[in-house]
Each structure stands twice: as structure tokens, then as C-alpha cells.
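For reference, the chains in residue letters:
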Amino acid sequence: MRRAYGVRIMNSNHPEIRRLKREGNVAEIHGNKFWNSSFLVMDYLKKNPLRKRVRVLEIGCGWGLLGIYCAREFDARVTGIDADENVLPYMALHADVNDVKVTGLKMSFQQLTVEKLKQYDVILGADICFWDEMTGLLYNLIGRAFKAGVSTVMIADPCRPPFGALVEKCRKKYGDNVHVEEKWLTRPVHASGEILIVRR
Ligand SMILES: C[S@@+](CC[C@H](N)C(=O)[O-])C[C@H]1O[C@@H](n2cnc3c(N)ncnc32)[C@H](O)[C@@H]1O
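So, a few notes on the structure that sits alongside this text. (Residues numbered from 1 in each chain as written. Predicted model: local features only at pLDDT ≥ 70, side-chain atom pairs only at ≥ 80, totals over all residues. Heavy atoms only, no water.)

Attention now goes to the packing of helix 6 (residues 132–148) against helix 7 (residues 161–174). Where helix 6 meets helix 7, the axes come as close as 8 Å, and the angle between the chain directions of the two elements is 35°. The way helix 6 lies across helix 7 gives a crossing that is right-handed. Counting all contacts with helix 6, which are made through Asp132, Thr135, Leu138, Tyr139, Ile142, Gly143 and Phe146, the residues of helix 7 involved are Pro162, Ala165, Leu166, Lys169, Cys170, Lys173 and Tyr174. (Axes fitted to C-alpha atoms, helices over the stretch in contact; angles between N-to-C directions. Helix = DSSP H or I, 4+ residues; strand = E, 2+ residues; numbered from the N terminus. Left-handed = near helix turned anticlockwise from the far one by under 90°. Contact = heavy atoms within 4.5 Å.)

Take a look at the structure:
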């Protein structure tokens, strides 16, 4: 177990993680571990905090540590969605060890309708734009989110091409409402990338 940004993160060989794997919770779309881009957003939010009790939706949450960070730091009301239900027990386990409550749902980006998105103020995601088709899925989701009244969408990535394409599409559509934050971290790990921040 390590601790970063005030959040406890279990290593892949932690007995509780191994137990969940043994019980058959095997991630199928790369949600098999905690990915570093979440640290880029945590670092940004540390300096640019969210308001208290904000309603956060973490998309492609995997182990859900970005949402859990928001629950701890900002007392945020957090929901994590992921297309792969096998990741949700890992999110629940981390919520427990971090002493926060979060809601985990099996749901894809495509299933997040305007109606469902009305429940959230901020959407966060990390390492979720790695296949070409994800560019369009996330671009459309951002459009629905703004229709629903979501104020801000933040997506972090180590700058893979599908993410670069998403940034370009958002710049064209949302102009000055797009900010791209470049990040280089040396602690708690070496990590670099960008955060696409789109405001309504
Ligand atoms: C690389 S992992 C990142 C997990 C987590 N965000 C993190 O930073 O540790 C990508 C996650 O996105 C999920 N995912 C992929 N495609 C998705 C889709 N269309 N809708 C919802 N979740 C999706 C995967 O199941 C996986 O958990």
C-alpha cells in the first residue's frame, strides 16, 4: 500500500487485491491497475480545488482513485462509471480503505445520456482515450454533458494520438473554453501528460 495526495493506493500484489482477482474480478479493458494520469489531475486539483460537496462523475473509473481523492479532499459526492463491471470491486475496496463513500456503476460513455448527466457538476477521467474510437465517444459525451448543465470536464492522458485528436476537436468546437494543462511530475512517480479542461 502506498499513499499519495492523501489517498491510500493498494499495490497489485496486496493480499486484498489478489483476493479480488482470485474471486474472478479480472478487468477486461485495461482497468487492471491504477494508472498514473490520475495523479496529474490530483496535482492540478490540489492547486485548483473544487468547491465543497461538488457532484463528481469519474468516467472510466477503473479503481476509482481520482474520484476517491475528490471525496476525501472536497467532500465531493462521487459516482464512478466503468464499462467493465470487474473493476468496481476494486473501487469499493479503495473507498473502504480511504474511509469514503462513492457509488460505482457499470455503464459505458455511450450510455451516459443527457438525463443521467444532469446529476453531476464536474466530470473527470484519466487514461480513458487510448483507442481511436474513444475520441468520438468522449467528444460526444462532452457535448451531452454541457447540454445537461455540467460545468467542467477534465480528461488527463499521457498524450496518446486519440487524446490529441480529442483536444483538437474540442478546441475547434469550444474555442476559449478549452484549456490544456501540461504536467510533469517527479513525485509520487515520474508521470507526464496533459489535462484537457473544457468549461461550459
Ligand atoms: C486505462 S484504464 C484507466 C482507469 C482509471 N481511470 C485510472 O486512471 O486508473 C481505462 C478504463 O476505462 C474503461 N473504459 C474503456 N472504455 C470505456 C467505455 N466505452 N465506457 C466506460 N468505460 C470505459 C476501462 O474499463 C478501464 O477501466
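With that settled, the discussion passes to helix 2 (residues 37–47). The element helix 2 is extensively covered by neighbouring structure, given that nine of its 11 residues are classed as buried. Looking at helix 2, one finds that the buried residues are Ser37, Ser38, Phe39, Leu40, Val41, Met42, Asp43, Tyr44 and Leu45. (Buried < 20%, exposed > 50% of the residue type's maximum accessible area, 1.4 Å probe, protein only.)

Time to look at helix 7. Taking 1.5 Å of rise per residue, 14 residues should cover 20 Å, and helix 7 covers 20 Å from first to last C-alpha, within 8% of that figure. Within the span of helix 7, buried status applies to Pro162, Phe163, Leu166, Val167, Cys170 and Tyr174. Looking down the long axis of helix 7, one finds its buried residues gathered within 145° of arc, a one-sided arrangement. More than 90 degrees from the buried face of helix 7, the exposed residues found are Pro161 and Lys172. Just downstream of helix 7, Gly175 is the residue with a positive phi angle, here 50°. (Expected span 1.5 Å × (residues − 1). Arc of directions from axis to C-beta.)

In this structure, Phe39, Leu45, Val56, Cys70 and Leu124 are the most contacted members of the largest nonpolar core, which totals 47 residues. Counting only elements with at least two residues in this core, the list comes to strand 2 (7–9), helix 1 (15–22), helix 2, helix 3 (65–74), helix 4 (88–97), strand 6 (122–126), strand 7 (152–157) and strand 9 (191–199). A total of seven residues in this core trace back to one element, the largest contributor, which is helix 3. In this view, Phe39 contacts Arg2, Ala4, Tyr5, Ile9, Phe34, Leu185, Pro188 and Val189; residues no more than four positions away in its chain are not counted. The next biggest cluster of nonpolar side chains, apart from the first, holds 32 residues, and it includes Ile128, Ala145, Leu166 and Val178. (Core = buried A, V, L, I, M, F, W, Y, C linked by side-chain atoms within 4.5 Å.)

The next point concerns the site of the ligand. Taken together, 23 residues lie around the ligand, and Trp35, Gly60, Asp82, Phe109 and Ala126 are the ones closest in. A distance of 2.8 Å separates an oxygen atom of the ligand from a polar atom in the backbone of Trp35. Gln110 places a side-chain nitrogen or oxygen 3.3 Å from a nitrogen atom of the ligand. Protein coverage of the free-state accessible area of the ligand, which is 590 Å², stands at 96%. Considering only residue class, the shell around the ligand consists of 11 nonpolar, seven polar and five charged. (Near = heavy atom within 4 Å. Polar contact = N/O pair within 3.5 Å; in protein donor to acceptor, adjacent residues only side chain to side chain. Areas by Shrake-Rupley, 256 points an atom, 1.4 Å probe, with all protein chains shown as cover. Nonpolar A, V, L, I, M, F, W, Y, C, P; charged D, E, K, R; others polar.)

On to the pattern of salt bridges. Applying the stated criterion across every chain yields a total of 12 salt bridges. Where Arg19 meets Glu16, a salt bridge forms, and the shortest distance between an N and an O atom there is 2.8 Å. In this pair, Arg19 and Glu16 both sit in helix 1, three residues apart, roughly one turn of the helix. Accessibility expressed as a relative area gives 28% for Arg19, which makes it partly exposed. We classify Glu16 as partly exposed; its relative accessible area is 29%. Asp121 is the salt-bridge partner of Arg51, the closest N and O atoms lying 3.4 Å from each other. In this pair, Arg51 is assigned in the loop between helix 2 and strand 3 (55–59) and Asp121 in the loop between helix 5 (114–117) and strand 6, connecting sequence segments 70 residues apart. Put simply, Glu16, Arg19 and Glu23 are held in one network by salt bridges that share partners. (Salt bridge = Lys/Arg side-chain N within 4 Å of Asp/Glu carboxyl O.)

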